[in-house]
Amino acid sequence: MTGKADQMGGDLACDVLVIGSGGGALTAAITARKAGMNVIVAEKQDVFGGTTATSGGMLWIPGNHHSPAIEQRLGEPDSLEKVRTYILEEAGNYAEIDRIDAFLKYGPEMIAFLERETHVKFNGMEYPDYYFKNPNAAKTRSLIAAEYDAKKLGKHFKQLKRQLPQLLFLGFAIGSSVEMQQFFKAGRSPKAFIAVAGKMALHLVHTAIYGGARRVVRGGALITRLAQSCFELDIPILLNAPAKSLIKEGDVVRGAMVDGPNGPRRIMAKHAVILGSGGFPYDNKRRGEAYPSNAFDGTPRSVANPGNTGDGARMAEGVGGVFGNDVSNAGAWMPTSVQPDIAGPKGVWPHLVDRLKPGFICVTRHGKRFGNESCAYSSFVPQIIEATRGDAFGFCWLIGDKAAIDKWGMGRVRPKPMPRQHYIKSGYLVEAPTIAALAQKIDVDPTALVDTVQRFNGFAKQGIDPDFQRGADDYDAYQGDDESKWPNPCLGPLEKGPYYAIKMFAGEIGTFAGINVDKYARVIDQAGQPIQGLYAVGNDQKNVFGGSYPGAGATLGPSLTFGYVAGLHVSNQIKEEQQRSAA
């Protein structure tokens, strides 16, 4: 347990019960508490933070107060009309305009509120939107949580959910893009090596003294800042407290049945229950119903929080809520690979870097390229799904040459000089002296793969990809190699062996199908009417963008925004707007 609530047993009462402890849930809790509500947070696991704690910590919030400085520096002004058009065009027929307008209205307000009223701080980022071919895209709409000192949590330090171990370098969490570049260059640049060595030394000292890294970055920093604010506001976070069902009195949700170390108990909520349990990435039944048939074979390959098993959707359905699957993408897609000798989420790697760099291509089991390897992860996985439609299960092969893997690494394999033999031995990384030999090892037609690589190499040397336009927009270029000797920073030939391959799957960082809600995050029934006393935020609610992914942080941005909206609405802080809307 954290906070002051009794963890030993017996019923509890509060004004607002929040189920889950990710970014959206804690934002809802803080907002309601600041408005005078008595709030309890119930978390099913023995640590707090949810998927947010292991995320990139970026928020897509157009119009935030950090953006104008970047817009001025770039000479690229943004506007509400421009971003609204962009969202509506990308959401298409799945757009729910009133919810999109609520996101645009309350997102910037949420950022200002958190920076004014809590420990949360953000840094503005120059980062291209994901659909940059759209003329209404911009580079100024994303934020990232500022790094923090986790020891400020005091006694709660050990209850903070930590970063995924596979994403750490000897236990060190990499923060900024500048820092990431230092780590990539450490094997070939003395200056970068010295910088990395100094950071690693401090990290090892802190780990030895405190039992864990004090410096937290990205999603870990965001959760730490939110959690410390909760503790200072006397908001208890009950750990090992999974909610099992909602308590409904008449037409109003009044609380939840929650398990604890001494058995089930009721937590009654005078005003509302807010669901923020993280969606359904580990609910195999729901995945099988919501995902394309070739995107799920019964085994989740996800980097989402394993505690996110669809609890919120099941509880909402139990009191008349509706699970909405009318989205363009049921999952917040991420191409992933799995190390066969490591079970569960710890064995899963999200491919955020390698496939976008020169010297890598992706092919189907037939040895053919099928799309733009440098596009955003949310767009890349649908390309896998489409290219393997008709197969029982879709996957692709990521292929690179020695120069590429030496410089960038490949999946879990680190850049030179880190060893890679273990990954070859485990079967995760496939190595061969020639492309033809590699094809045979991965059961791909050698002639087809050799032809594909030769064709691609010609494109790379010319700097143009007529097949899939890789490297043709600002998003692609941003992800490329600014040190490349080739004309296009995203394209580089695969020229010298040995050659390597890793099998990639349709994974995700969260889910987009979810509970139907209105613009105030209230759960609605089959008739579209709000269920009194029940809200859903984060990945529990159906995605506000209709399953599209407009930019970096487009899961956390809406999550915190509608957490803020739910907290305001339940405490009557936007009552006047309701009255004006009804007039």
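That block above? That's the structure.
In this report, we go over the structure that sits alongside the text. (Residues numbered from 1 in each chain as written. Predicted model: local features only at pLDDT ≥ 70, side-chain atom pairs only at ≥ 80, totals over all residues. Heavy atoms only, no water.)

Turning our eyes to something else, we now look at the overall build of the protein. Each helix and strand counted, the protein has 17 helices and 21 strands in total. Burial status across the protein gives 61% buried among its 583 residues. Here the contacts in the protein between residues at least 6 apart in sequence split such that 75% fall between residues at least 24 apart. Total accessible area on the protein is roughly 22400 Å²; 52% of this is exposed by carbon and sulfur atoms. (Helix = DSSP H or I, 4+ residues; strand = E, 2+ residues; numbered from the N terminus. Buried < 20%, exposed > 50% of the residue type's maximum accessible area, 1.4 Å probe, protein only. Contact = heavy atoms within 4.5 Å. Areas by Shrake-Rupley, 256 points an atom, 1.4 Å probe, with all protein chains shown as cover.)

Here we come to the packing of helix 1 (residues 23–34) against helix 7 (residues 218–232). Running from N to C, helix 1 and helix 7 point in directions that differ by 30°, and their axes come no closer than 10 Å. Here helix 7 runs roughly parallel to helix 1, going by the angle between their axes. Helix-helix and strand crossings are classified by hand; for helix 1 and helix 7 the assignment is left-handed. On helix 7, the residues touching Gly 23, Leu 26, Thr 27 and Ile 30 of helix 1 are Ile 223, Leu 226, Ala 227, Ser 229 and Cys 230. Across the contact of helix 1 with helix 7, the residue classes break down as six nonpolar, three polar and no charged. (Axes fitted to C-alpha atoms, helices over the stretch in contact; angles between N-to-C directions. Parallel < 35°, antiparallel > 145°, perpendicular 65-115°, else oblique. Left-handed = near helix turned anticlockwise from the far one by under 90°. Nonpolar A, V, L, I, M, F, W, Y, C, P; charged D, E, K, R; others polar.)

What follows concerns the packing of aromatic side chains. Tallied over the entire structure, the rule returns 19 aromatic pairs. A ring pair is formed by Tyr 130 and Tyr 475, whose centres lie 5.3 Å apart and whose planes are at 70°; its orientation type is edge-to-face. Separated by 345 residues along the polypeptide, Tyr 130 in the loop between strand 4 (122–125) and strand 5 (142–145) and Tyr 475 in helix 15 (residues 474–479) bring together distant segments of the chain. Neither residue differs from the other here; Tyr 130 and Tyr 475 are each classed as buried. An aromatic cluster is defined as three or more aromatic residues linked by ring pairs; in this entry it consists of Tyr 130, Tyr 377, Tyr 475, Phe 512 and Tyr 549. In this structure, Arg 141 packs its charged tip against the face of Tyr 86, placed 5.4 Å from the ring centre. (Phe/Tyr/Trp six-rings, centres within 6.5 Å; stacked < 30°, edge-to-face > 60°. Lys NZ or Arg CZ within 6 Å of the ring centre and 35° of its normal.)

Right, let's get into unusual backbone geometry. Residue Pro 417 is bonded to the preceding Lys 416 through a cis peptide linkage, with omega at 15°. Along the polypeptide, Pro 417 turns up in the loop between helix 11 (402–408) and helix 12 (421–426). Even without a glycine there, the phi angle at Arg 218 is positive, about 50°. Relative to the helices and strands, Arg 218 is located in helix 7. The backbone of Asp 443 sits at a positive phi, close to 60°, despite the residue not being glycine. Checked against the element boundaries, Asp 443 lands in the loop between helix 13 (435–441) and helix 14 (446–462). What makes Asp 443 exposed here is its relative accessible area of 68%.

Before going further, it helps to spend a moment on helix 4 (residues 97–117). Over its 21 residues, helix 4 runs 30 Å from end to end, which matches the ideal 30 Å to within 8%, given 1.5 Å per residue. Roughly 30° is the biggest bend found in helix 4, and it falls at Tyr 106, with proline Pro 108 one to four residues downstream. (Expected span 1.5 Å × (residues − 1). Bend = angle between axes of the 7 residues up to and from the residue.)

Here the focus is the packing of helix 1 against helix 4. Two numbers describe how helix 1 lies on helix 4: the axes approach to 12 Å, and their chain directions differ by 70°. Classified by the interaxial angle, the pair formed by helix 1 and helix 4 is roughly perpendicular. In this structure, helix 1 meets helix 4 at a crossing whose hand is left-handed. Two secondary-structure elements touch here, helix 1 through Thr 27, Ile 30, Thr 31 and Lys 34 and helix 4 through Met 110, Phe 113, Leu 114 and Glu 117. Split into classes, the residues belonging to the contact of helix 1 with helix 4 amount to four nonpolar, two polar and two charged.

Using the criterion set out here, one finds 34 salt bridges in the structure. Of the charged contacts in the structure, one is a salt bridge between Arg 301 and Asp 297, with a shortest N-O distance of 2.9 Å. Accessibility expressed as a relative area gives 38% for Asp 297, which makes it partly exposed. Residue Lys 407 pairs with Glu 483 through a salt bridge whose shortest N-O separation is 3.5 Å. (Salt bridge = Lys/Arg side-chain N within 4 Å of Asp/Glu carboxyl O.)

It is worth spelling out the pairing of strand 2 (residues 39–42) at this point. A regular strand carries its side chains on alternate faces of the sheet. The alternating pattern of strand 2 places Val 39 and Val 41 and Ile 40 and Ala 42 on opposite faces, both of which are buried. As paired strands, strand 1 (residues 12–19) and strand 2 are joined by four bridges and run parallel to one another. Following the sheet pairing, Leu 17 is matched in strand 2 by Ile 40. The pairing of strand 2 with strand 8 (residues 237–238) spans two bridges and is parallel. Its bridge partner lying in strand 8, Ala 42 is registered against Leu 238. (Pairing = 2+ DSSP bridges.)

Attention now moves to the pairing of strand 15 (residues 360–363). On strand 15, burial covers both faces: Phe 360 and Cys 362 on one face and Ile 361 and Val 363 on the other are all buried. Pairing of strand 15 with strand 16 (residues 395–401), which is carried by four bridges, proceeds in the antiparallel orientation. Bridged to Val 363 within strand 16 is Trp 397.

As a further point, take the environment of Met 125. Looking at the secondary structure, you find Met 125 in strand 4. On the accessibility criterion, Met 125 (16% relative accessible area) is buried. The spatial distance from the C-alpha of Met 125 to the C-alpha of Ile 70 is 7.6 Å, given a sequence separation of 55 residues. Met 125 has contacts with Met 58, Ile 70, Lys 139, Thr 140, Ser 142, Leu 143 and Ile 144, leaving out every residue within four places of it along the chain.

Once that is clear, we can look at the nonpolar core. The biggest cluster of nonpolar side chains holds 84 residues, and the ones touching the most others in it are Phe 48, Leu 59, Ile 87, Phe 103 and Leu 222. Of all the elements, helix 4 adds the most residues to this core, at nine residues. Setting aside residues up to four positions removed in sequence, Leu 222 forms contacts with Thr 52, Leu 59, Val 120, Phe 122, Ala 145, Leu 556 and Leu 560. Ranked by size, the runner-up nonpolar core spans 40 residues in total, among them Leu 17, Ala 295, Trp 333 and Ala 536. (Core = buried A, V, L, I, M, F, W, Y, C linked by side-chain atoms within 4.5 Å.)

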